[in-house]
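Listed below, chain by chain, are the residues.
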Amino acid sequence: QVQVVESGGGLVQAGGSLRLSCAASGRSNDMGWYRQAPGKQRELVADVTRDGSTRYADSVKGRFTISRDNAKNTVYLQMDSLKPEDTAVYYCNAEIKRWSTWVSVWGQGIQVTVSS
């Protein structure tokens with residue numbers, strides 16, 4: 001069964017840091033983090049290709065860093081200088097190899113709360 005398992009998150013004061021991890025059940029292509037705040041649409045935070053190319057939402061550039069470990073099929077999101085507006089449920093997404101195809105898999109979401 002293809003799946004991703006997220007960890008990390010929690011409550012932190014503004015200016016603090018958190019690290020999210022997401023482990024995929026198999027070989028993965030693109031991996032990324034999205035977030036959804038109350039009353040808003042889900043948006044891309046950052047993603048990374050298998051060869052390490054990254055892209056970020058403008059709102060997190062210079063504060064968040066996405067990385068991955070292909071040997072562990074794991075993607076990380078280091079979040080520094082957190083702001084209250086970063087509060088949201090963060091979702092991991094990965095394209096996981098299943099037989100001869102790639103399947104897009106979402107995690108269950110993990111809460112990040114930044115207090116002012």
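Refer to the structure presented above.
Residues numbered from 1 in each chain as written. Predicted model: local features only at pLDDT ≥ 70, side-chain atom pairs only at ≥ 80, totals over all residues. Heavy atoms only, no water.

Asks: Is there a simple way to explain the packing of aromatic side chains in this structure?
Replies: Aromatic ring pairs are defined here through the distance separating the ring centres and the angle between the ring planes. On inspection of all chains with the given rule, the structure shows one aromatic pair. Ring geometry for Tyr34 versus Trp106: centroids 4.9 Å apart, planes at 65°, classification edge-to-face. One end of the pair, Tyr34, is in strand E4 (residues 28-36); the other, Trp106, is in strand E10 (residues 101-106), with 72 residues separating them in the sequence. For Trp106, a relative accessible area of 38% puts it in the partly exposed group. (Phe/Tyr/Trp six-rings, centres within 6.5 Å; stacked < 30°, edge-to-face > 60°. Helix = DSSP H or I, 4+ residues; strand = E, 2+ residues; numbered from the N terminus. Buried < 20%, exposed > 50% of the residue type's maximum accessible area, 1.4 Å probe, protein only.)

Asks: How do you make sense of the nonpolar core when you look at a structure like this?
Replies: Nonpolar side chains in soluble globular proteins tend to end up buried together. In this structure, Trp33, Leu77, Met79 and Tyr90 are the most contacted members of the largest nonpolar core, which totals 29 residues. Counting only elements with at least two residues in this core, the list comes to strand E3 (18-24), E4, strand E5 (43-48), strand E7 (64-69), strand E8 (74-79), strand E9 (88-98) and strand E11 (110-115). Here this core gets five residues from one element, more than from any other, and that element is E9. Once residues within four sequence positions are removed from consideration, Tyr90 is found in contact with Glu6, Leu20, Trp33, Tyr34, Arg35, Val45, Phe64, Leu77, Met79, Gly109, Ile110 and Val112. (Core = buried A, V, L, I, M, F, W, Y, C linked by side-chain atoms within 4.5 Å. Contact = heavy atoms within 4.5 Å.)

Asks: Explain the sheet that holds E7 here, please?
Replies: Adjacent strands of a sheet pair through backbone hydrogen bonds, lying either parallel or antiparallel. Strand order in the open sheet formed by four strands is E1-E3-E8-E7, and the pairing between neighbours is antiparallel. Only two strands of the sheet have a single partner each, and these edge strands are strand E1 (4-7) and E7. Going from strand to strand, the sheet's axes swing by 15° on average, the running direction of each strand aside. (Pairing = 2+ DSSP bridges. Axes fitted to C-alpha atoms, helices over the stretch in contact; angles between N-to-C directions.)

Asks: It is not clear to me how the pairing of E5 should be interpreted in this structure. Could you clarify?
Replies: Looking down a regular strand, the side chains alternate between one sheet face and the other. In this structure, E4 lies alongside E5, joined through five bridges in antiparallel fashion. Bridge pairing links Met31 to Val48 in E5. Sheet topology note: the E5/strand E6 (residues 54-56) ladder contains three bridges and is antiparallel. Bridge pairing links Ala46 to Tyr56 in E6. Hairpin connection from E5 to E6: five residues lie between these consecutive antiparallel strands, with Gly52 at a positive phi of about 100°.

Asks: Would you mind showing me how to read the pattern of salt bridges here?
Replies: Once the charged atoms of two side chains with opposite charge are near each other, the side chains can pair. In total, this model carries five salt bridges according to the counting rule given. Between Arg35 and Glu43 there is a salt bridge, and its shortest N-O distance comes to 2.8 Å. For Arg35, a relative accessible area of 7% gives the class buried. Among the residues examined, Glu43 registers a relative accessible area of 36% and is labelled partly exposed. Across the pair Lys61 and Asp58 runs a salt bridge, and its minimum N-O distance is 3.1 Å. Here Asp58 falls in the exposed class, since its relative accessible area comes to 66%. Each member of the salt-bridge network shares a partner with another, and the members are Arg35, Glu43, Arg63 and Asp86. (Salt bridge = Lys/Arg side-chain N within 4 Å of Asp/Glu carboxyl O.)

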